[in-house]
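Next come the chains, spelled out residue by residue.
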Amino acid sequence: DAKTTQPPSMDCAEGRAANLPCNHSTISGNEYVYWYRQIHSQGPQYIIHGLKNNETNEMASLIITEDRKSSTLILPHATLRDTAVYYCIVRVNYGQNFVFGPGTRLSVLP
Amino acid sequence: KAGVTQTPRYLIKTRGQQVTLSCSPISGHRSVSWYQQTPGQGLQFLFEYFSETQRNKGNFPGRFSGRQFSNSRSEMNVSTLELGDSALYLCASSLIGQGETQYFGPGTRLLVL
């Protein structure tokens, strides 16, 4: 089973920041938080990952709470092309692969 | 670098047949993982190969098998196809696996009639 909890769906207005929350209250100290997204019928796309510090790249920012029990993915200026299912994944442990939950379906509205 | 490629992109088979899907990882990546995605079960891990050896396996029946070649390319095979095998099959590669960032291909959509 996935170790994360995400809202099933969210809406965001085009041009506004999209903030996608994720709860991972049982995360272990050496586990990373990964975010992927999947645009309809395509392969999942890697977005960002982090351990405990906030991370930023050209696609998004990842904010991880100090206790690491939750995180937020921020798309600073959402566009219609950001409409997708967003998966928050905690890497289970070495020797295992990613376990995907149902994710959050983000709809960016014009 | 070119991304992960999968062939074929679409496939139609009938029950009882077998199918082989192919995956070419990103150049230099040695780990290849396979996933099945269905509307009902979501994305589920099938198996992972590294250096031509299966390193991890998900909870799928023995009809699902795979292999990896010395150039890291991988194939997966499904024998005695069932209607429930209709799915998007995704391949992902990473440098050495073991929880590293995985990069996914576009998938092969299999329809079993």
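Cut-offs and rules
Residues numbered from 1 in each chain as written. Chains lettered and ligands numbered in written order. Predicted model: local features only at pLDDT ≥ 70, side-chain atom pairs only at ≥ 80, totals over all residues. Heavy atoms only, no water. Helix = DSSP H or I, 4+ residues; strand = E, 2+ residues; numbered from the N terminus. Rg over C-alpha atoms; globule rule 2.2 N^0.38 Å. Buried < 20%, exposed > 50% of the residue type's maximum accessible area, 1.4 Å probe, protein only. Contact = heavy atoms within 4.5 Å. Areas by Shrake-Rupley, 256 points an atom, 1.4 Å probe, with all protein chains shown as cover. Lys, Arg positive; Asp, Glu negative; His and termini not counted. Charge placed at Lys NZ, Arg CZ, Asp CG, Glu CD. Salt bridge = Lys/Arg side-chain N within 4 Å of Asp/Glu carboxyl O. Polar contact = N/O pair within 3.5 Å; in protein donor to acceptor, adjacent residues only side chain to side chain. Nonpolar A, V, L, I, M, F, W, Y, C, P; charged D, E, K, R; others polar.

Asker: So what about the overall build of chain B? Which residues, and what values?
Answerer: Helix and strand content of chain B: 0 helices and 11 strands. Its helices and strands in sequence order give chain B the pattern β-β-β-β-β-β-β-β-β-β-β, from N to C terminus. Taking 13 Å as the expected radius of gyration for a compact globule of 113 residues, we find that chain B reaches 13 Å, a close match to that expectation. Reported as C-alpha extents along the three principal axes, the dimensions of chain B are approximately 35 × 25 × 25 Å. Every one of the 113 residues in chain B was classed for burial, and the buried ones make up 50%. In chain B, the share of contacts with a sequence separation of at least 24, taken over all contacts with a separation of at least 6, comes to 55%. When the accessible area of chain B is evaluated, it comes to approximately 5300 Å², of which 51% is carbon and sulfur surface. Positive and negative side-chain charges of chain B, numbering 11 and 6 respectively, have mean locations separated by a distance of 5 Å.

Asker: Could you give an account of the interface of chain B and chain A, naming the residues involved and the relevant values?
Answerer: Counting from both sides, the interface comprises 19 residues of chain B and, opposite them, 17 residues of chain A. Counting across the interface, chain B meets chain A through 0 salt bridges. Counting across the chain B and chain A interface gives 5 residue pairs in polar contact (both at pLDDT 80 or more). Among the elements of the structure, strand 4 (31-38), strand 5 (42-50), strand 9 (87-94) and strand 10 (103-104) of chain B are those that each provide at least two residues to the side of chain B that touches chain A. Tallied by class, residues from the side of chain B that touches chain A come to 8 nonpolar, 8 polar and 3 charged.

Asker: Can you break down the pattern of salt bridges residue by residue, with the values?
Answerer: One pass over the structure, following the stated rule, counts 7 salt bridges over all chains. Ionic pairing is found between Lys 3 of chain A and Glu 31 of chain A, a salt bridge with its closest N-O pair at 3.0 Å. Of this pair, Lys 3 of chain A sits in the segment before strand 1 (9-13) while Glu 31 of chain A sits in the loop between strand 2 (18-23) and strand 3 (33-38); the two residues are 28 residues apart in sequence, bridging distant segments of the chain. With a shortest N-O distance of 2.8 Å, Arg 63 of chain B and Asp 85 of chain B are connected by a salt bridge. One end of the pair, Arg 63 of chain B, is in the loop between strand 6 (53-57) and strand 7 (64-68); the other, Asp 85 of chain B, is in the loop between strand 8 (74-78) and strand 9, and 22 residues separate them in sequence. Neither Arg 63 of chain B nor Asp 85 of chain B differs from the other in exposure class; each is buried. One salt-bridge network, in which partners are shared between bridges, spans Arg 63, Glu 82 and Asp 85 of chain B.

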